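Coordinates in review
Residues per chain, in single letters:
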Amino acid sequence: MYKRYHGILYSHTYRRFPDREEARDLVQELFIYLWNNRESLHITTSLSSYLYTSVRNRILNAYRNQKVREAYIHSLQDFIAAGENITEEAVRHKELIRLVEQEVAALPPQMRLIFEMSRNREMSHQQIAEELNISPQTVRTQVRNALRILRVKLGVHIFLIFF
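Bear in mind that the values here come from a model prediction, so they are computed numbers and not experimental data.

About the cut-offs
Throughout, a residue's number is its position along its own chain's written sequence, starting from 1. A pLDDT threshold of at least 70 governs which residues receive local features in this predicted model, and a stricter bar of 80 or more applies before side-chain atom pairs are shown or counted, although totals over entire chains, interfaces and linings include all residues. As a rule here, side-chain values cover all heavy atoms of the structure and leave hydrogens and water aside. Think of it this way: any DSSP run of H or I at least four residues long counts as a helix, any run of E at least two long counts as a strand, and we number them from the N terminus. Polar contacts, as counted here, are pairs of nitrogen or oxygen atoms within 3.5 Å of one another; within protein the pair requires one atom able to donate a hydrogen and one able to accept it, and residues that are adjacent in sequence qualify only if both atoms are side-chain atoms. Each residue's exposure class comes from its accessible area (1.4 Å probe, protein chains only) as a fraction of the maximum for that residue type: buried when under 20%, exposed when over 50%, partly exposed otherwise. An arc is given here, and it is the one of the directions from the helix axis to the C-beta atoms. In this analysis, axes come from line fits to C-alpha atoms, helices being fitted only over the stretch in contact, and the angle between any two N-to-C directions falls in the range 0 to 180 degrees. Roughly parallel means an angle under 35 degrees; roughly antiparallel, over 145; roughly perpendicular, 65 to 115; everything else is oblique. The handedness criterion is simple: a crossing whose near helix is rotated anticlockwise from the far helix by less than a right angle is left-handed, and one whose near helix is rotated clockwise is right-handed. Note on contacts: a residue pair is in contact if any heavy atoms of the two residues lie within 4.5 Å. Lys, Arg, Asp and Glu make up the charged group, whereas Ala, Val, Leu, Ile, Met, Phe, Trp, Tyr, Cys and Pro make up the nonpolar group; the residues left over, Gly among them, are polar. Stacked, edge-to-face and tilted labels apply to pairs of Phe, Tyr and Trp rings (six-membered ring for Trp) whose centres lie within 6.5 Å, assigned for plane angles under 30 degrees, over 60, and everything in between, in that order. Definition used in this section: a nonpolar core is a set of buried Ala, Val, Leu, Ile, Met, Phe, Trp, Tyr and Cys residues joined via side-chain atoms within 4.5 Å. In this scheme, patches are assembled from residues that exceed 30% relative accessible area and form no salt bridge. Like charges are connected within 9 Å, while nonpolar side chains (Val, Leu, Ile, Met, Phe, Trp, Tyr) are connected within 5 Å. Accessibility throughout is a Shrake-Rupley quantity obtained with a 1.4 Å probe, and a residue counts as covered only by protein chains that appear here. We define a salt bridge as a contact between a side-chain nitrogen of Lys or Arg and a carboxyl oxygen of Asp or Glu at a distance within 4 Å. Per-residue confidence from the predictor is reported as pLDDT, a score between 0 and 100.

**A few points about the side chain of His12**
With respect to the helices and strands, His12 occurs in helix α1 (residues 2-16). Side-chain polar atoms of His12 contact the side chain of Arg16, separated by 3.4 Å.

Here is the structure:
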């Protein structure tokens, strides 16, 4: 049976699945299956039609498996690319937060207190003025000056972090 049908099945498989090694493997697996199941196998059609149908089904399975592998590889590549971007972005974000906190800590004490109350505690200028017993205009001036100082000091660092 092997000698009679191997060449024909291989040629048939290779025309539909043009990968020599894969075509050989598919035909070989079919004959291995037939040998291993020779005791329980009951073929009701002609042997040639059974073999052609079996090899066709194996080709279809190989195509389906190949598409699943390609989809998995594509998905994995997308995940790896996204993971690198997420990690890189998280590192940049942490570095930026550290730099901002460092520069805020370097501000003069009164300016730092007003700036932190404004940004961290989200207090209005009026609330800060009432709590510290100073004018709202002083609070506005201190926040504006703090932002100007931070913009100047962080300008170069932000550029270096993101580029």
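**So, helix α4 (residues 109-119)**
The α-helix advances 3.6 residues per turn, and as a result positions three or four apart in sequence lie on the same side. Along α4, the positions that sit buried rather than exposed are Met111, Ile114, Phe115, Met117 and Ser118. The arc that holds every buried residue of α4, seen down its axis, measures 165°, which confines them to one face.

**Let's talk about the packing of α1 against helix α2 (residues 20-36)**
Axis separation between α1 and α2 bottoms out at 9 Å; the angle between their running directions is 140°. In terms of axis orientation, α1 runs oblique to α2. Between α1 and α2 lies a crossing whose hand is right-handed. Residues Tyr2, Tyr5, His6, Leu9, Tyr10, Thr13 and Tyr14 of α1 form the contact with α2, whose own contacting residues are Arg20, Ala23, Arg24, Leu26, Val27, Gln28, Leu30 and Phe31. Here the contact of α1 with α2 is composed, by residue class, of 10 nonpolar, 3 polar and 2 charged.

**Overview of the packing of aromatic side chains**
Per the stated rule, a full pass over the model turns up 3 aromatic pairs. Consider the rings of Tyr10 and Tyr14, whose centres lie 6.0 Å apart with planes at 15°: the pair is stacked. One end of the pair, Tyr10, and the other, Tyr14, are both in helix α1, 4 residues apart, so they sit about a helical turn from each other. With 4.9 Å between their ring centres and 65° between their planes, Phe17 and Tyr63 make a pair best called edge-to-face. Residue Phe17 is located in the loop between α1 and α2, and its partner Tyr63 is located in helix α3 (residues 47-105); the two are separated by 46 residues in the primary sequence. Residue classification places Phe17 among the buried positions, given a relative accessible area of 6%. Overall, Tyr63 belongs to the partly exposed group, its relative accessible area being 33%.

**As for the nonpolar core**
Core analysis: the largest hydrophobic core is formed by 11 residues, namely Tyr5, Leu9, Tyr10, Ala23, Val27, Leu30, Phe31, Leu34, Tyr50, Leu51 and Val55. Mapped onto this core, the elements with two or more residues apiece are α1, α2 and α3. When residues in this core are grouped by element, the largest group, 5 residues, is from α2. Beyond its immediate stretch of four places on either side in the chain, Tyr10 contacts Arg20, Ala23, Arg24 and Val27. In this structure, Leu99, Met111, Phe115 and Ala146 belong to the second largest nonpolar core, which totals 8 residues.

**A look at a nonpolar patch on the surface**
Judged by side-chain polarity, Tyr72, Ile73, Leu76, Phe79 and Ile80 come together as a nonpolar surface patch covering roughly 540 Å² of accessible area. You can see Ile73 is positioned in helix α3.

**A look at the confidence of the model for the protein**
Looking at the protein, pLDDT values average 87 and 91% of them are 70 or higher. The element-level mean pLDDT for the protein is lowest in helix α6 (residues 136-162), coming to 79, with α2 highest at 94.

**Quick word on the packing of α4 against helix α5 (residues 125-132)**
Orientation of α4 relative to α5, taken along the N-to-C sense of each, is 135°, at an axis distance of 10 Å. The angle between α4 and α5 falls in the class oblique. Crossing handedness for the pair α4 and α5: right-handed. Contacts between α4 and α5 involve Gln110, Leu113, Ile114, Met117 and Ser118 from the former and His125, Ile128, Glu131 and Leu132 from the latter. Here the residues of the contact of α4 with α5 sort into 5 nonpolar, 3 polar and 1 charged.

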